Amino acid sequence: MQRFEAVLCDLDGVLRQFDHDRQREIEERYGLPVLATAFAPEQIRPAILGQATAEQWLASITAALGGHPDAAQAVDAFAAVDFWVDEKVRELLTEVRTRVPLVLVTNAMDNLDVHLSRMRLTDFADTVISSAAVGVAKPDLRIYEIAAEAAGVAPDRCVFIDDRPENVAAAQSLGMVGIHYRGIDDLAVLGAKA
């Protein structure tokens, strides 16, 4: 791998993990497609573009579930599902940040600062690029350009890490080195080649 001068990293699915078993249990208990509804583009897009709040997103999920009597309770349970930081990823990225700028690039909502604080990640990265704050979301090429600008590095000198292949492909189209994250072993090259 070529030498790189900045690391741009996704938050959800890489650094932050969710209890997916619990999410599936909620769907089974209520018999409602909460996940598919929550992440349908028409539901989530306004929130990750900063056009709606996280609370409005949750209300839209309830409404989209068609007035089912248990919809509000199911959505409340979904919103309460626990999340945590993958400590191995945190440790590796902390070390990388001693050598190059680290920028978190996340499709996030207006409550991102609260979540970062809860995970003790407020000052973890040099910069956080939130889609809700900048008005564009991955895989829109502009968010990668904004992140590279924030790092002060040309796009072709950046590594981009994400758990979604389409987001990695978009970064690669700008000349970034893309890492499709499936587990900590995918990041081994960061320690060896930075």
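Residues numbered from 1 in each chain as written. Predicted model: local features only at pLDDT ≥ 70, side-chain atom pairs only at ≥ 80, totals over all residues. Heavy atoms only, no water.

Enquirer: Can you lay out the overall build of the protein for me, pointing to particular residues and giving the numbers?
Expert: The number of helices and strands found in the protein is 11 helices and seven strands. In terms of overall size, the protein behaves like a compact globule, its C-alpha atoms giving a radius of gyration of 17 Å where 194 residues would be expected to give roughly 16 Å. Oriented by its inertia axes, the alpha-carbon framework of the protein measures out at about 55 × 30 × 25 Å. Residues counted as buried form 44% of the 194 residues belonging to the protein. The contacts in the protein between residues at least 6 apart in sequence include a share of 67% that link residues at least 24 apart. When the accessible surface of the protein is totalled, it reaches about 9400 Å², and 50% of it is carbon and sulfur. Seen as two clouds, the 18 positive and the 30 negative side-chain charges of the protein have centres 5 Å apart. (Helix = DSSP H or I, 4+ residues; strand = E, 2+ residues; numbered from the N terminus. Rg over C-alpha atoms; globule rule 2.2 N^0.38 Å. Buried < 20%, exposed > 50% of the residue type's maximum accessible area, 1.4 Å probe, protein only. Contact = heavy atoms within 4.5 Å. Areas by Shrake-Rupley, 256 points an atom, 1.4 Å probe, with all protein chains shown as cover. Lys, Arg positive; Asp, Glu negative; His and termini not counted. Charge placed at Lys NZ, Arg CZ, Asp CG, Glu CD.)

Enquirer: Residue-level account of helix H4 (residues 54-64), with values.
Expert: Three or more residues of H4 are buried, namely Ala54, Trp57 and Ile61. Buried residues in H4, looked at end-on, bunch into an arc of 55°, giving them a common side. Residues Glu55 and Ala63 are exposed on H4 and point more than 90 degrees away from its buried face. Directly after H4, the chain includes Gly66, whose backbone phi takes a positive value near 75°. (Arc of directions from axis to C-beta.)

Enquirer: A description of helix H3 (residues 41-48) should follow, citing residues and the corresponding values.
Expert: Those residues of H3 that sit buried are Gln43, Ile44, Ala47 and Ile48. Along H3, the residues classed as buried sweep out an arc of 105° about the axis, all on the same side. Along H3, exposed side chains directed more than 90 degrees from the buried face belong to Pro41 and Glu42. On its buried face, H3 sits against helix H2 (34-38), H4 and helix H8 (131-134). Phi for Gly50, located one or two positions after H3, is positive at around 80°.

Enquirer: Before we move on, could you go through the pairing of strand E7 (residues 177-180) and cite the residues and values that matter?
Expert: Only one face of E7 is buried, namely the one carrying Val177 and Ile179, since none of Gly178 and His180 on the opposite face is buried. Both strand E6 (residues 158-162) and E7 contribute to a ladder of four bridges, which runs parallel. In the sheet register, Val159 faces E7, and the bridge partner there is Val177. Where the polypeptide runs from E6 across helix H10 (residues 165-173) and back to E7, its parallel neighbour, the crossover connection is right-handed. (Pairing = 2+ DSSP bridges. Right-handed = clockwise from strand over helix to strand, strands pointing away.)

Enquirer: Which residues make up the nonpolar core, and what values do they have?
Expert: Grouped together as the largest cluster of nonpolar side chains are 28 residues, with contacts concentrated most on Val7, Leu15, Leu93, Ile161 and Leu190. Of all the secondary structure elements, the ones that give two or more residues to this core are strand E1 (6-9), strand E3 (83-85), helix H6 (87-97), strand E4 (102-106), helix H7 (112-118), E6 and E7. At three residues, the largest contribution of residues to this core is made by H6. Once you skip the residues sitting within four places of it in the chain, Leu190 turns out to touch Phe4, Val7, Leu92, Leu93, Val96, Arg99, Val159, Ile161 and Ile179. Counting 21 residues, the second-largest nonpolar core is a separate cluster that includes Ala38, Ile48, Ala74 and Phe78. (Core = buried A, V, L, I, M, F, W, Y, C linked by side-chain atoms within 4.5 Å.)

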